[in-house]
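Chain and residue survey
So the chains spell out like this:
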Amino acid sequence: MSKLYITGQNRLSGSVCVQGAKNSALPILAATVLTKGESVLYHCPDLTDVEASMCILRWLGCRASRDSDTVTVRCDGVSRNDIPDELMRKTRGSLAFLGAVLAASGKVRITLPGGCQIGQRPIDLHLKSLRRLGAVIRERHGWLECRAPHGLKGADIALPFPSVGATEAVMLAACTASGTTVLTNAAREPEITDLADFLNRCGAKIDGAGESELVIEGVGELRGCDHAIIPDRIAAATLITCAAVTGSDITLKGVIHSHLAGILPPFEDAGCRFTAHKNELRVSAPQRLRSMKIVRTMPYPGFPTDAQAPLLAAAATADGTTVMIENIFENRYRHVSELTRMGADIKTEGKFALVEGVPRLYGASVEAADLRGAAALAAAGLCAEGKTELCGVQYLDRGYERFEQVLTELGADIVRV
Ligand code: EPZ
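Residues numbered from 1 in each chain as written. Predicted model: local features only at pLDDT ≥ 70, side-chain atom pairs only at ≥ 80, totals over all residues. Heavy atoms only, no water.

Each helix and strand in the chain was counted, giving 14 helices and 25 strands. Compactness check: the chain gives a C-alpha radius of gyration of 21 Å against a globular reference of 22 Å for 417 residues, within 12% of the reference. Principal-axis analysis of the C-alpha atoms gives the chain an extent of 65 × 40 × 40 Å. Looking at the 417 residues of the chain, the share that counts as buried comes to 56%. Once local pairs closer than 6 in sequence are excluded, the contacts in the chain between residues at least 24 apart make up 72%. With an accessible surface of roughly 16100 Å², the chain has 48% of that area assigned to carbon and sulfur atoms. (Helix = DSSP H or I, 4+ residues; strand = E, 2+ residues; numbered from the N terminus. Rg over C-alpha atoms; globule rule 2.2 N^0.38 Å. Buried < 20%, exposed > 50% of the residue type's maximum accessible area, 1.4 Å probe, protein only. Contact = heavy atoms within 4.5 Å. Areas by Shrake-Rupley, 256 points an atom, 1.4 Å probe, with all protein chains shown as cover.)

Below, the structure written as structure tokens:
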């Protein structure tokens, strides 16, 4: 297993282009099974999670290839509708194929998806929604066997929680169903809007993306299209964290400012200054951060749960006390024990984390347990005194493109061994 060796306390400088959004690319890749013809996806990040979805597309009989950051997919219907365990287990994004393949072929057989162990991650909302659309779903020996004996029909669906994945499942299953689907309490994340933009460009009729109510009018056929994936707001938040913890002044290129509106306030409270110019964002961090007081993760447009771990790393050396409230996932503090090994003073109890800022962290050998926790530990290593050995680099590769190269280009001392 490869490791990252980080020697801390280098100041960062310069500018960096933000990668394409992982959580937009994954459902859009699944959506291509609904289309006939070729789709060209620009700004598609080169990640192991994206590669996993491309492997599933090939398994299903589609062609998927990459040329730099452009992925081309050619689908003319699926030649099979089962997805084996070793492909499903690689990422949570594989779950998007459930609704897509069911809609494309009338049946699908998958095992339960993989993904970061940040909670139990049930799929009850996915299954309940698909059943509302006419799916017959049986769970046997870890397999989900889904059929639509009378085809999928539009329905009114209300989510008890604005689940991102369940919203995507409904969009993928309903856009070629017969009749109209109204989804209330839909997720409003930018990745939902990007998926709707892709599907509508393929000929779907989805209204209301980005709002709490989606109206999806079923259409006959979808044809592949060209689409540019939106920038990854969580990758942007991670870069902002790296600048914040090293007292740096860097510029992010290719951002969509409105997507970051819920992310910047805690960093501003901590003393970071932001200057927006066209699609660029300059972040200037103070020598030492102030505490962020209270931060709670919420569905979009609130502060995103995926930025919680990096922000906690920043709070660890801030001057004062920060209270984090993780409202989305029930086990998303696995990075805390490792931050403590670096000298952080953080106590967690259920959804709460109490951070007492310390003057500095110290390099240590730490182990990541999930994607965003790995990013938090790397950020901590950038500001720690001495050398940090980070194990679990495979988690970083799931969601961050060229992680150590990007940071090295900004002046960090970080190597992969
Ligand atoms: C997506 O996960 C993202 N993953 C996650 O990013 C992100 O943290 C999450 O949305 C919230 O924004 C992808 O897009 C591939 P949810 P998802 O359904 O769809 C519960 C990352 O680091 N729930 O909005 O799984 C669930 O347990 C990853 O990039 C049910 O109870 O998120 C959680 O507590 C991590 N039943 C809450 O809802 C269900 O059927 C939010 O889950 C589905 C979800």
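Moving on, we get to the site of the ligand. Inspection of the region around the ligand gives 21 residues, with Asp124, Leu125, Ser163, Asp306 and Ile328 positioned closest. The contact in question runs from an oxygen atom of the ligand to an N or O atom on the side chain of arginine 372, over 2.9 Å. For the ligand, the protein covers 89% of the area, taking 820 Å² as the surface of the free molecule. Elements represented by at least two residues in the shell around the ligand include exactly α1 (22-31), α5 (124-132), α6 (164-174) and α12 (371-383). (Near = heavy atom within 4 Å. Polar contact = N/O pair within 3.5 Å; in protein donor to acceptor, adjacent residues only side chain to side chain.)

What follows covers the nonpolar core. With 78 residues, the main nonpolar core has Leu252, Leu361 and Leu396 as its most contacted residues. Every residue in contact with leucine 252, bar those within four places of it in the chain, is listed here: Val16, Val18, Ala236, Leu239, Ile240, Asn279, Glu280 and Leu281. By size, the runner-up hydrophobic cluster in this structure holds 74 residues, among which are Ala30, Cys62, Leu125 and Ala174. (Core = buried A, V, L, I, M, F, W, Y, C linked by side-chain atoms within 4.5 Å.)

In this section: the sheet that holds strand β23 (residues 365-367). Hydrogen bonds between backbone atoms are what pair the strands of a sheet, whose relative direction is either parallel or antiparallel. Strand order in the open sheet formed by 4 strands is β23-β24-β1-β25, and the pairing between neighbours is mixed. The open sheet has two edge strands with one neighbour each: β23 and β25 (413-416). Across the sheet, the axes of successive neighbouring strands diverge by a mean angle of 20°, strand direction being ignored. (Pairing = 2+ DSSP bridges. Axes fitted to C-alpha atoms, helices over the stretch in contact; angles between N-to-C directions.)

Next up on the list: α6. Within α6, 9 of the 11 residues are buried, leaving the element largely enclosed by the surrounding structure. If you check which residues of α6 are buried, you get Ala166, Thr167, Glu168, Ala169, Val170, Met171, Leu172, Ala173 and Ala174. For α6, the side-chain oxygen to backbone nitrogen distance between the N-cap and glycine 165 is 3.5 Å, and the N-cap itself is serine 163.

Turning our attention to the environment of lysine 107. Topologically, lysine 107 is positioned in strand β7 (residues 107-111). Each C-alpha atom, one on lysine 107 and one on isoleucine 118, is 30 Å from the other, the two residues being 11 residues apart in sequence. Excluding its chain neighbours within four sequence positions, the residues that come into contact with lysine 107 are Asn81, Val101, Leu102, Cys146 and Arg147.

In this section: the sheet that holds strand β11 (residues 180-184). Spatial ordering of the open sheet is given by β10-β11-β13-β12, a layout of 4 strands whose pairing is mixed. The open sheet terminates on both sides in strands that have one partner only, identified here as β10 (156-158) and β12 (205-207). Between one strand axis and the next, the sheet turns by 15° as a mean value, whatever way the strands run. Looking at chain direction, β11 and strand β13 (residues 213-217) are connected through 5 bridges and run antiparallel. Across the sheet, the residue bridging to threonine 180 is glutamate 217, located in β13. Where α6 meets the sheet, its contacts fall on β10, β11, β12 and β13, and the angle it forms with β13 comes to roughly 20°.

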